[in-house]
Amino acid sequence: QVQPVESGGGLVQVGGSLRLSCAASGGASSMYAMGWFRQAPGKEREFVAAISRSGGTTYYADSVKGRFTISRDNAKNMVYLQMNSLKPEDTAVYYCAARILGLASTKGWEYDYWGQGTQVTVSS
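Residues numbered from 1 in each chain as written. Predicted model: local features only at pLDDT ≥ 70, side-chain atom pairs only at ≥ 80, totals over all residues. Heavy atoms only, no water.

Topic: the sheet that holds strand β8 (residues 78-83)
The strand order across the open sheet built from four strands is β1-β3-β8-β7, with neighbouring strands paired in antiparallel fashion. In this open sheet, the two edge strands, each paired with only one partner strand, are β1 (3-7) and β7 (68-73). Neighbour-to-neighbour, the strand axes of the sheet open up by a mean angle of 20°, direction not taken into account. Taken together, the five bridges between β1 and strand β3 (residues 18-25) define a ladder with antiparallel strand orientation. Residue pairing for β3: glutamine 3 is matched across the bridge by serine 25. (Pairing = 2+ DSSP bridges. Helix = DSSP H or I, 4+ residues; strand = E, 2+ residues; numbered from the N terminus. Axes fitted to C-alpha atoms, helices over the stretch in contact; angles between N-to-C directions.)

As for the side chain of serine 105
With respect to the secondary-structure elements, serine 105 resides in the loop between β9 (92-100) and β10 (113-114). The exposure class assigned to serine 105 is buried, which follows from its relative accessible area of 5%. Of the polar contacts made by the side chain of serine 105, one reaches the side chain of glutamate 110; its length is 2.4 Å. When residues no more than four places from it in sequence are discounted, the contact partners of serine 105 are Phe37, Phe47, Ala50, Arg99, Glu110 and Tyr111. (Buried < 20%, exposed > 50% of the residue type's maximum accessible area, 1.4 Å probe, protein only. Polar contact = N/O pair within 3.5 Å; in protein donor to acceptor, adjacent residues only side chain to side chain. Contact = heavy atoms within 4.5 Å.)

Concerning the environment of glutamine 3
Residue placement: glutamine 3 occurs in strand β1. Of the residues examined, glutamine 3 reaches a relative accessible area of 36% and is grouped as partly exposed. Through-space distance from the C-alpha of glutamine 3 to that of alanine 75 is 17 Å; in sequence the pair is 72 residues apart. Contacts of glutamine 3, omitting those with residues within four sequence positions, involve Ala23, Ala24, Ser25, Trp114 and Gly115.

So, the state of the cysteines
On inspection of all chains with the given rule, the structure shows one disulfide. In this model cysteine 22 forms its disulfide with cysteine 96; the gap between the sulfur atoms is 2.1 Å. One disulfide, between cysteine 22 and cysteine 96, carries an S-S torsion of -85° and so falls in the left-handed class. Here cysteine 22, found in strand β3, pairs with cysteine 96, found in strand β9; they are 74 residues apart in sequence, far enough to count as distant. Of the two residues, cysteine 22 and cysteine 96, neither departs from the other in class, the shared state being buried. (Disulfide = S-S within 2.5 Å.)

Considering the pattern of salt bridges
For the coordinates displayed, the defined rule picks out five salt bridges. Aspartate 62 serves as the salt-bridge partner of lysine 65, at 3.1 Å between the closest nitrogen and oxygen. Relative accessible area serves as the criterion here: at 68%, aspartate 62 is assigned to the exposed category. In this structure, aspartate 90 engages arginine 67 in a salt bridge whose closest nitrogen and oxygen atoms are separated by 2.8 Å. Of this pair, aspartate 90 sits in the loop between β8 and β9 while arginine 67 is found in the loop between β6 (58-60) and β7, placing the two residues 23 residues apart along the sequence. With respect to class, aspartate 90 is no different from arginine 67; both count as buried. When salt bridges with common partners are traced through the structure, they connect Arg38, Glu46, Arg67 and Asp90 into a single cluster. (Salt bridge = Lys/Arg side-chain N within 4 Å of Asp/Glu carboxyl O.)

What follows is the structure, encoded as structure tokens:
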């Protein structure tokens, strides 16, 4: 069983940067496609970015394209989300999710395991 654990959230000013990390314990990370999702107060969870098992394919939500970069290091069982040019509307709890032996997906229901989330707050 895989247990994603997020870290790296915090408070940042508009235009700043943060890097979120996700440690995927419980197996070789090369077995999982990984995704990042977020949920803002009063809103539904939404897709942010996803990466294939090899790291060769990535997907981004239109709202973060060009600002966020998802990457992975399978040797370290880690997935990262580099967030640049942050905006107040990026404020949310960010969740890391793992999909066993599947393709990277933008659909949350296709992921098998979820982390507890890390808060990102962008202040103006």
